[in-house]
Amino acid sequence: MRSRLCLALTLLAALCALEARQAAPAPSKSLKVIGYYADWTATRYPLADIPAAKLTHVNYAFGKIGPDNRLTWNGSVATERVYPGDCAEAGCPHGLFNQITLLKQKHSHLKFLISVGGWTDSGPFYAMAASEAARQAFAQSCADFLKAYPQFDGIDIDWEHPVWGGLQPGSPDDARNYVLLLAALRKTIGPGKFLTIAASASPRGIDPILYAEMAPILDWVSVMTYDFHSGGKRAGFNSALYNHDDPSNSRLNLHDAMQAIAARGMPRDKLVAGVPFYGRGWQGVESSGPWNTDTGSLQVGGYQVIAETFLKSPDYVRHWDDVAKVPWLYSEARKEWITYEDPQSMRLKGEYVIAQNLAGAMFWELSNDDGTLLDALRSGLGLAGPATGH
């Protein structure tokens, strides 16, 4: 009887152990943490200072489209200027591109993409994408670039904005042309290089885009879920996580943007939520609450500047919207209203990425932070240790 009882208990223990193993949650997927590095910040924010251990990818901003529809870039900072650690001799590699090489030698997991376009330099996309010959010329130049500078791991297209338009008007034809452009790029650079885009989070920028057709071509989409309110006659949140009575459009928030793009056919594991490491401000605001009228914009800068100035001033009082999940500052004396991110809001955005099974988070841009927001974002993403490659 005793031996039978021992056998039964042994079998029961083995069965419980098996069930426990089967019920144990699978390890969390690798999350992308992507920061933009702006080449014009190199003097005050050396590329060597990038917190590489906390990132998986860096988007180098910006490449441009030349008159011949080929990829070009600012060579004076990219390959000509001598930075600390560079060999100063004429035949030596130097510039920011060499700084990337040196950084990757220390942090082999870190991947760099050259981001092409941006708000100021998206104009050439419209005509280039509309022509088969121009698309092929651009795609080939990107492939040539990746061969010439193997420290780069891919291409990030930052067309602001197809169809909707930016500094230049868009056209309905841009939607189809964008797919054709991305297909040409993928075919030319091959499957071994990253191909990504930065995408509008505005309803006007989301709804016309053929995301289901882009999905098999792209590695991921970084959704620029910020600049929802960046000027105009009404003070509002730069990057609300959720809608809270936004009188402009109830979809101007991170949640609704990500859900809309997913509904249009982009898999969640290819969706990266963009967050701002900077603020926006308004003057002439007579009341502390959001959505009030103003008399003009106020330049406030990145989080580091905000922390060193406005957050230390007794004139500015912090407020929190527990629906939109973002803070703001208001000065009764100055009648100034500032929307920004802080560790609380950034951590919640990271937690949202996890809850929604998204691919990760992207931010604009590295020089704006003193480390506070990136650490909070990583905390929300549940990342404690160093980043690893993907």
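Provided above is the structure to which this section pertains.
Predicted, not measured: the structure shown is a model, and the values here were computed from it.

Help me understand the side chain of Glu-365, please; the structure alone is not making it clear to me.
As for its placement among the helices and strands, Glu-365 is situated in the loop between β14 (360-364) and α12 (372-381). A distance of 2.8 Å separates a polar atom in the side chain of Glu-365 from a polar atom in the side chain of Ser-367. Beyond its immediate sequence surroundings of up to four residues, Glu-365 is in contact with Tyr-36, Ala-38, Thr-41, Arg-44 and Phe-277.

What is the right way to look at the state of the cysteines in this model?
A complete count under the given rule lists 1 disulfide for this structure. Note that Cys-87 is cross-linked by a disulfide to Cys-92, the S-S spacing being 2.0 Å. One quick way to see it: the torsion about the S-S bond of Cys-87 and Cys-92 is about 45 degrees, and its sign makes the bridge right-handed.

What am I meant to see in helix α3 (residues 96-106) here?
Owing to its 3.6 residues per turn, the α-helix aligns residues three or four sequence positions apart on the same side. Turning to α3, its buried residues are Leu-96, Phe-97, Asn-98, Gln-99, Ile-100, Leu-103 and Lys-104. Buried positions along α3 lie against β1 (32-38), β2 (57-65), α2 (75-80), β4 (111-117) and α5 (132-148).

How should I be thinking about the pattern of salt bridges in this particular structure?
Where charged atoms from two side chains of opposite charge approach closely, those side chains can pair. Scanning the entire structure with this criterion turns up 15 salt bridges. The shortest N-O distance in the salt bridge between Arg-135 and Glu-132 comes to 2.7 Å. A residue pair is termed a helical-turn pair when its members lie 3 or 4 positions apart in one helix, as Arg-135 and Glu-132 do in helix α5 at 3 residues. In this structure Arg-135 comes out as buried when scored by relative accessible area, which is 5%. Classification of Glu-132 as partly exposed rests on a relative accessible area of 44%. Across the pair Arg-251 and Asp-207 runs a salt bridge whose closest N-O atoms are separated by 3.0 Å. Note that Arg-251 is positioned in the loop between β7 (220-224) and α9 (254-263) and Asp-207 in the loop between α7 (203-206) and α8 (211-214), a separation of 44 residues in sequence. Asp-207 sits in the partly exposed class, given a relative accessible area of 35%. Beyond isolated ion pairs, a larger network of salt bridges with shared partners links Glu-286, Glu-332 and Lys-335.

Would you mind showing me how to read the pairing of strand β13 (residues 336-339) here?
Remember that side chains alternate between the two faces of the sheet whenever the strand is regular. Neither face of β13 is left uncovered, since the one carrying Glu-336 and Ile-338 and the one carrying Trp-337 and Thr-339 both have all their residues buried. Two strands pair when backbone bridges link them, and strand β9 (residues 280-283) and β13 are joined in this way by 3 bridges, in the antiparallel orientation. For Trp-282, the partnering residue across the bridge sits in β13 and is Trp-337. Taken together, the 4 bridges between strand β12 (residues 326-331) and β13 define a ladder with antiparallel strand orientation. Across the sheet, residue Tyr-330 finds its bridge partner in β13, namely Trp-337. A loop of 4 residues connects β12 with β13, the two strands running antiparallel in sequence, and Lys-335 in this loop sits at a positive phi of about 60 degrees.

Thresholds applied
- Note that residues are indexed from 1 along each chain, following the sequence as it is written.
- The model is predicted, so local features are restricted to residues of pLDDT at least 70 and side-chain atom pairs to those at 80 or more, both for listing and for counting; the totals for chains, interfaces and linings are taken over all residues.
- The side-chain numbers reported here are obtained from all heavy atoms of the structure, hydrogens and water having been left aside.
- In this description a helix means any DSSP run of H or I spanning at least four residues, a strand means any run of E spanning at least two, and both kinds are numbered starting from the N terminus.
- Counted as a polar contact is a pair of N or O atoms within 3.5 Å, where, for protein atoms, one must be capable of donating a hydrogen and the other of accepting one, and residues adjacent in sequence contribute only when both atoms are in side chains.
- Throughout, a residue-residue contact means that at least one pair of heavy atoms, one from each residue, lies within 4.5 Å.
- Disulfide: a pair of cysteine sulfur atoms within 2.5 Å of each other.
- Per-residue accessibility, obtained with a 1.4 Å probe over protein chains only, is compared with the maximum for each type, and a residue is labelled buried under 20%, exposed over 50%, and partly exposed between these values.
- Counted as salt bridges are all cases of a side-chain nitrogen of Lys or Arg within 4 Å of a carboxyl oxygen of Asp or Glu.
- Whether two strands pair comes down to DSSP finding at least two bridges between them.

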